[in-house]
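Notes for the structure review
Read off the chains here:
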Amino acid sequence: MLLATTSSTFASLEEMVTVLSIDGGAIRGIIPGVILAFLEGELQRIDNNPDARLADYFDVIGGTSTGGLLAAMITTPNENNRPFAAANETVPFYFEHGPRIFSRRPLFPIIPGPKYNSTYLMQVIKEKMGETRLSQTLTTEVVISAFDIKTNKPVIFTKSSLAESPELNAKMYDICYSTAAAPTYFAPHSFVTTTSNGDPYEFNLIDGGVATVGDPALLSVSVAMKHAEDEDPAFASIKSLNYKKMLLLSLGTGTTSDFDETYTAAEAARWGPFRWMQVIQKMTNAGSTYMTDYYLSSAFKALGSQDNYLRVQENALTGSTTTWDNATLANMQLLKQVGENLLNKQVSKDNPNETYADALIRFATKLSHRKKLRANKASY
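Residues numbered from 1 in each chain as written. Predicted model: local features only at pLDDT ≥ 70, side-chain atom pairs only at ≥ 80, totals over all residues. Heavy atoms only, no water.

We now examine the overall build of the protein. Looking only at helices and strands, the protein features twelve helices and ten strands. Against the globule reference of 21 Å for 380 residues, the protein gives a C-alpha radius of gyration of 21 Å, in line with a compact fold. Structurally, the protein occupies a C-alpha span of about 70 × 55 × 35 Å along its principal axes. Relative to its full complement of 380 residues, the protein shows a buried share of 51%. Long-range contacts, defined as pairs at least 24 residues apart, comprise 72% of the intrachain contacts of the protein with a sequence gap of at least 6. (Helix = DSSP H or I, 4+ residues; strand = E, 2+ residues; numbered from the N terminus. Rg over C-alpha atoms; globule rule 2.2 N^0.38 Å. Buried < 20%, exposed > 50% of the residue type's maximum accessible area, 1.4 Å probe, protein only. Contact = heavy atoms within 4.5 Å.)

What follows is the structure in structure tokens.
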């Protein structure tokens, strides 16, 4: 599994830009949480450093909804200027707080509003992230999306945008709640920041999935490319869409595509609005996620760099694991098991001898070499 340590290999790795992207999926964030813990554990093993963290290895970390929460957990600093959560603490976070986050509002009196009370979710992330702002996160770039229902436009929170749009330098708990505020599940979120002129700027935000439909990998790559266009030396190698110099890890929260119920045109022709509402969002999410993966895998393959892109996704969720908001202990244990089983699954039919665990170890090795090479270069 170890890469050859020739000077040519070092030179190639030295120039690579590393990107981590994490999908939305509410309580199903447990699945990528398992994957993150495995990857960070391998990095600690390879570098013989129990304090190694994912933020030390990735240039860009992006996430939407629950993926945005995970991205924030592994990049928001504590009092020692290290991520406040190690990757192996993300799954326990869901187990500890998930049941209260997804605790239904009282049925009586009947008051219009979202399915869940938003107070506990905000309380927890505010306690964990304190007053930290986007500019203080630990990687070169953090990418978290939301959607502003007042301007009817996506809002992409990135560190690289702060010079031109300082109003985006929000507190991380405001960003995290906003990207997770799924319509009908949690209340929209409003907060105020300051523009370059010192004027107040108001956001009115809902879930980032409305803007990026769940999979932020393409968005994260686009932000990395913007760094290259802006002449950031750390990103110079990927100018002109040079995917050969990019290492991209994209983590899903699971789909049911292998077992989805299918329909005929004749059957759907008899559906009314209510029936379409039951299935159309699911179809849209699955289709968008598939197309994002299709585009990226095609682009990397066309450049002969398919080994630089890894999509880790379970496509055979069944039963209670298909839901976004089932935070019972039994279901969370099932989701954790899904993540652990996924590590032993084959990455593709084209390469039946490589499991996701094998591929992640391969990525960890590249990440480790790239980090060491940058450190050596900085020392001269």
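Before going further, it helps to spend a moment on the pairing of strand E3 (residues 141-148). Of all the eight residues making up E3, eight are buried; the element is thus mostly covered by neighbouring parts of the structure. Residue alternation in E3 divides its side chains into two sets, Glu-141, Val-143, Ser-145 and Phe-147 and Val-142, Ile-144, Ala-146 and Asp-148, and both sets are buried. Adjacent in sequence and paired antiparallel, E3 and strand E4 (residues 153-158) are bridged by four residues, among which Asn-152 carries a positive phi angle near 60°. For E3 and strand E6 (residues 200-206), the ladder comprises two bridges, and the chain directions are antiparallel. For Phe-147, the partnering residue across the bridge sits in E6 and is Ile-206. (Pairing = 2+ DSSP bridges.)

Right, let's talk about the packing of aromatic side chains for a bit. By the definition in use, this model includes 13 aromatic pairs. Centre to centre, the rings of Phe-93 and Tyr-94 are 6.1 Å apart; their planes meet at 85°, and the pair counts as edge-to-face. Residue classification places Tyr-94 among the buried residues on the basis of a relative accessible area of 5%. With a centroid separation of 6.2 Å and 20° between ring planes, the pair formed by Tyr-290 and Tyr-294 is classed as stacked. Of this pair, Tyr-290 and Tyr-294 are both found in helix H10 (residues 273-302), four residues apart, which corresponds to roughly one turn of the helix. Residue classification places Tyr-290 among the exposed residues on the basis of a relative accessible area of 52%. Three or more aromatic residues joined by ring pairs form one cluster here, namely Phe-102, Tyr-116, Tyr-185, Phe-186 and Trp-324. (Phe/Tyr/Trp six-rings, centres within 6.5 Å; stacked < 30°, edge-to-face > 60°.)

Our next topic: the side chain of Thr-365. Relative to the helices and strands, Thr-365 is located in helix H12 (residues 356-379). Within the local environment of Thr-365, its side chain forms a polar contact with the backbone oxygen of Ile-361, the two atoms lying 2.9 Å apart. (Polar contact = N/O pair within 3.5 Å; in protein donor to acceptor, adjacent residues only side chain to side chain.)

Our next topic: the nonpolar core. Ranked by internal contacts, the top residues of the largest apolar core, which has 78 residues, are Leu-20, Phe-58, Ile-125, Phe-157 and Leu-249. Those residues in contact with Phe-58 that lie beyond four places of it in its chain are Thr-18, Val-19, Leu-20, Leu-39, Thr-139, Leu-249 and Leu-367. Judged by nonpolar contacts, the second largest core, of 20 residues, contains Ala-217, Val-223, Phe-235 and Leu-248. (Core = buried A, V, L, I, M, F, W, Y, C linked by side-chain atoms within 4.5 Å.)

For the pair helix H4 (residues 90-101) and helix H5 (residues 119-129), the least separation of the axes is 9 Å and the interaxial angle reads 145°. In this structure, the crossing between H4 and H5 has a hand that is right-handed. Contacts from Phe-93, His-97, Arg-100 and Ile-101 in H4 reach Tyr-120, Leu-121, Val-124 and Lys-128 in H5. Taken together, the residues of the contact of H4 with H5 break down into five nonpolar, one polar and two charged. (Axes fitted to C-alpha atoms, helices over the stretch in contact; angles between N-to-C directions. Left-handed = near helix turned anticlockwise from the far one by under 90°. Nonpolar A, V, L, I, M, F, W, Y, C, P; charged D, E, K, R; others polar.)

Further remarks concern the environment of Asn-308. Relative to the helices and strands, Asn-308 is located in the loop between H10 and strand E8 (309-312). As a C-alpha pair, Asn-308 and Pro-352 span 44 residues in sequence and 18 Å in three-dimensional space. Sequence-distant contacts of Asn-308, defined by excluding residues within four places in its chain, comprise Met-16, Tyr-243, Lys-244, Met-246, Leu-247, Leu-248, Phe-300, Phe-363 and Lys-366. In this structure the side chain of Asn-308 is engaged in a polar contact, spanning 3.4 Å, whose partner is the backbone oxygen of Met-246.

Turning our eyes to something else, we now look at helix H11 (residues 329-342). Its 14 residues place the ends of H11 20 Å apart at the C-alpha level, agreeing with the 20 Å of an ideal helix rising 1.5 Å per residue. All of the buried residues in H11 are Asn-331, Met-332, Leu-335, Val-338, Gly-339 and Leu-342. Across the axial projection of H11, the buried residues extend over an arc of 110°, all falling on one side. (Expected span 1.5 Å × (residues − 1). Arc of directions from axis to C-beta.)

What follows is about unusual backbone geometry. A positive phi angle is found at Ala-26, which is not glycine, with a value near 55°. Within the secondary structure, Ala-26 is located in the loop between strand E1 (17-22) and helix H2 (30-46). Residue classification places Ala-26 among the buried residues on the basis of a relative accessible area of 18%. Positive phi, close to 80°, is recorded for Thr-184, a residue that is not glycine. Summarising the element assignment, Thr-184 is placed in the loop between helix H6 (172-180) and strand E5 (189-194).

What follows covers the pattern of salt bridges. Overall, the coordinates contain twelve salt bridges when judged by the stated rule. Of the charged contacts in the structure, one is a salt bridge between Glu-131 and Lys-171, with a shortest N-O distance of 2.5 Å. With Glu-131 in the loop between H5 and E3 and Lys-171 in the loop between E4 and H6, this residue pair connects regions lying 40 residues apart in the sequence. Residue Lys-226 pairs with Asp-230 through a salt bridge whose shortest N-O separation is 3.0 Å. For Lys-226, a relative accessible area of 33% puts it in the partly exposed group. (Salt bridge = Lys/Arg side-chain N within 4 Å of Asp/Glu carboxyl O.)

On to the confidence of the model for the protein. Here the protein shows a mean pLDDT of 88. Residues at 70 or above account for 92%. For residues 1-13, every residue scores under 50 in pLDDT, and the model assigns this stretch 18 contacts once sequence neighbours within four places are set aside. (pLDDT = per-residue confidence, 0-100.)

Among the structural elements, Asp-207 can be located in the loop between E6 and helix H7 (209-212). Buried within the structure, Asp-207 lacks any salt-bridge partner; Arg-28 is the closest side chain of opposite charge, at an N-O distance of 11 Å. Of note is the side chain of Asp-207, whose polar atom sits 2.5 Å from the backbone nitrogen of Gly-209. Apart from the residues lying within four places of it in its own chain, the contact partners of Asp-207 are Thr-64, Ser-65, Ala-146, Phe-147, Ser-178, Thr-179, Ala-180, Ala-181, Ala-182 and Pro-183. (Lys, Arg positive; Asp, Glu negative; His and termini not counted.)

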